[in-house]
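Examination of the molecular architecture
One-letter residues, chain by chain:
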Amino acid sequence: MSKPASGPLYALVDGNNFYVSCERVFRPSLNNRPVVVLSNNDGCAIARSNEAKALGIAMGAPWFKIKHMEDEAGLVALSANFALYGDMSDRMMSLAAGLGPTQEIYSIDESFIDLTGVRGDLVERSHKIRDRILQWVGIPCCVGIGSTKTLAKLANHIAKNAERKPGSYPARLAQVCNLAAMTPQELKETFAATEVGEVWGIGRRISKQLQDGGIHTVQDLIELDSATLRRGWSVVLERTLRELQGTPCIDLDHTPAAKKEIACTRSFGRAVTELEPLKEAITEFASRTAEKLRKQHSLASQVLVFIRTSPFRPDAQYSRSLTVPLRRPTADTALIVHAALMGLEAIFRSGFKYAKAGVMVLDLQSDTVVQQELDLEDDNGADKTRLMSALDTINQRYGKGTMKIASAGLAGSRRVWSMKQERRTPGYTTCVDDIPVARA
DNA sequence: TCTGGGGTCCTAGGACCC
DNA sequence: TCTGGGGTCCTAGGACCC
């Protein structure tokens with residue numbers, strides 16, 4: 001029964017319809033109803049309940065195109081509450097970690113667990129962890145197991161579909177699917193029942209190209225040789241194929257590396273035409289990137305700023321970015337804001353309806369590599385660092401934006417560019433005022 | 001009226017160098 | 001008439017992920 005695992009083995013634990021499931025924990029009345037969570041600006045659907053999927057709502061569907069289902073089908077839409085989801089994620093991850101010795105948190109709702117050498121019945125063990133997460137946190141999960149990360153991802157997809165669409169796969173694969181325990185024949189049948197586009201790393205574009213070439217299922221793909229894929233596509237797809245064939249090419253990464261670039265970009269609540277409000281927005285975005293930069297203890301050498309019109313509108317289009325080099329690597333809000341504003345002035349053209357803007361910091365390095373300060377007229381580096389950490393402390397304690405750079409605009413003045421969020425739920429676990437109260 | 005945000009990696013092509 | 005080859009670096013753009 002419990003035959004010892006030979007070779008590497010990975011599990012992927014993934015929350016079902018994660019953002020929707022988080023909302024349902026605090027509003028059980030949303031159970032069994034079509035629910036979507038909307039992106040920033042209430043732009044499009046970024047999470048869908050099974051019932052919403054059954055209505056044919058696609059991932060990323062624009063809200064204004066599906067809004068009619070509110071009345072027609074009882075669809076409920078909520079603005080994203082990322083602080084809540086982050087907190088629920090932490091709770092789920094700490095329980096998922098119990099599945100094996102090491103964990104890689106891959107995204108807000110997914111983590112890989114290294115099961116190599118773990119003894120016992122892995123399917124039974126996975127069901128236990130799954131049940132515990134459901135009971136203690138309230139989030140339903142599925143677990144996929146395979147000898148590579150790509151196979152574990154695929155197994156997870158199968159576990160989800162076996163549960164959601166009865167008949168798509170054998171019912172025993174629902175919730176937990178272990179590809180590594182299948183016979184070659186079972187494996188072949190399972191792969192033949194799975195579309196090639198479901199594979200991790202094969203998106204819409206490559207999926208279409210493969211289908212046009214007669215490759216429809218995972219089984220079709222697996223039978224190809226890697227040289228063909230490398231010639232026709234790239235080394236990335238070749239690696240995916242080798243992973244599907246059971247050769248691990250992607251290792252578990254349990255110590256996430258520092259980010260190589262950090263961005264803050266937003267679509268506006270409505271079109272912006274003037275330079276002044278753009279300056280406010282860019283000041284705010286640049287301040288946020290500087291903050292994130294300090295949080296991961298990095299310094300940036302370049303600042304990229306961009307502005308663009310909406311590609312969805314018939315208006316005149318304009319899209320430009322500019323990379324501004326910094327005199328030396330820094331995480332100083334004032335310097336990064338200054339560089340971003342210089343960039344903005346250079347690329348701004350009047351006469352356009354701007355829909356989106358953003359700031360990125362690039363070419364990052366660790367702040368432990370101390371830069372020797374040679375300029376005599378600017379020798380207050382240590383004071384600046386203390387000023388920045390004071391700024392971060394104040395904003396952390398009293399709330400985002402309590403203290404900021406003057407060009408960000410006063411909080412009281414109406415900011416024409418700020419985003420829409422009309423359907424936001426309370427911060428049940430992240431804001432004291434919103435903690436649910438139990439009544440007898 | 002209304003179409004997200006934040007990342008990573010790879011490739012192709014041009015500039016430049018010897 | 002004939003007009004190299006190879007390496008590196010940079011950038012823009014594409015594709016993917018959640």
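Before going into details, it helps to say that this report is about the structure given with it. A quick note: this is a predicted structure, and the numbers were derived from the prediction, not measured.

1. Comments concerning the pattern of salt bridges
Considering all chains together, one arrives at 17 salt bridges under this definition. For Arg130, the salt bridge identified is with Glu163, shortest N-O distance 3.9 Å. Residue Arg130 is located in helix 6 (residues 122-136), and its partner Glu163 is located in helix 7 (residues 149-164); the two are separated by 33 residues in the primary sequence. Classification of Glu163 as partly exposed rests on a relative accessible area of 31%. Several salt bridges converge on common partners, so that one network encompasses Lys67, Glu70 and Arg423.

2. Re the sheet that holds strand 8 (residues 176-178)
Read from one edge to the other, the open sheet built from five strands follows the order 5-6-1-7-8, with strand pairing classed as mixed. The open sheet has two edge strands with one neighbour each: strand 5 (102-107) and strand 8. Within the sheet, the average angular offset between the axes of one strand and its neighbour, ignoring direction, is 15°. The pairing of strand 5 with strand 6 (residues 110-114) spans five bridges and is antiparallel. Within strand 6, the position partnered with Ser107 by the bridge is Glu110. Packing against the sheet, helix 7 makes contact with strand 1 (10-15), strand 5, strand 6, strand 7 (141-146) and strand 8, and its axis sits at approximately 140° to strand 7.

3. Here we look at the layout of surface pockets
In this structure, the second largest pocket encloses a volume near 1,300 Å³. Along the walls of the second largest pocket sit 39 residues, with Asp14, Asn17, Arg48, Lys53 and Lys160 positioned nearest its centre. Looking at the lining of the second largest pocket, the elements with two or more residues in it are strand 1, helix 1 (18-26), strand 3 (45-48), helix 2 (50-54), helix 6 and helix 7.

4. A short note on the packing of helix 1 against helix 5 (residues 82-96)
The geometry of helix 1 relative to helix 5 is characterised by a closest axis approach of 10 Å and an angle of 90° between their N-to-C directions. By the angle class used here, helix 1 and helix 5 are roughly perpendicular. On the side of helix 1, the interface is formed by Phe18, Tyr19, Cys22, Glu23, Val25 and Phe26, while helix 5 contributes Phe82, Leu84, Tyr85, Met88, Ser89 and Met92. For the contact of helix 1 with helix 5, a count of residues per class yields ten nonpolar, one polar and one charged.

Thresholds applied
- Residues numbered from 1 in each chain as written.
- Chains lettered and ligands numbered in written order.
- Predicted model: local features only at pLDDT ≥ 70, side-chain atom pairs only at ≥ 80, totals over all residues.
- Heavy atoms only, no water.
- Salt bridge = Lys/Arg side-chain N within 4 Å of Asp/Glu carboxyl O.
- Helix = DSSP H or I, 4+ residues; strand = E, 2+ residues; numbered from the N terminus.
- Buried < 20%, exposed > 50% of the residue type's maximum accessible area, 1.4 Å probe, protein only.
- Pairing = 2+ DSSP bridges.
- Axes fitted to C-alpha atoms, helices over the stretch in contact; angles between N-to-C directions.
- Contact = heavy atoms within 4.5 Å.
- 1 Å grid on protein atoms, 1.4 Å probe; cavity = no way out; pocket = protein on both sides within 12 Å on 5 of 7 lines; lining within 4 Å.
- Points joined across faces, edges and corners; volume = space filled by probe spheres on them.
- Parallel < 35°, antiparallel > 145°, perpendicular 65-115°, else oblique.
- Nonpolar A, V, L, I, M, F, W, Y, C, P; charged D, E, K, R; others polar.

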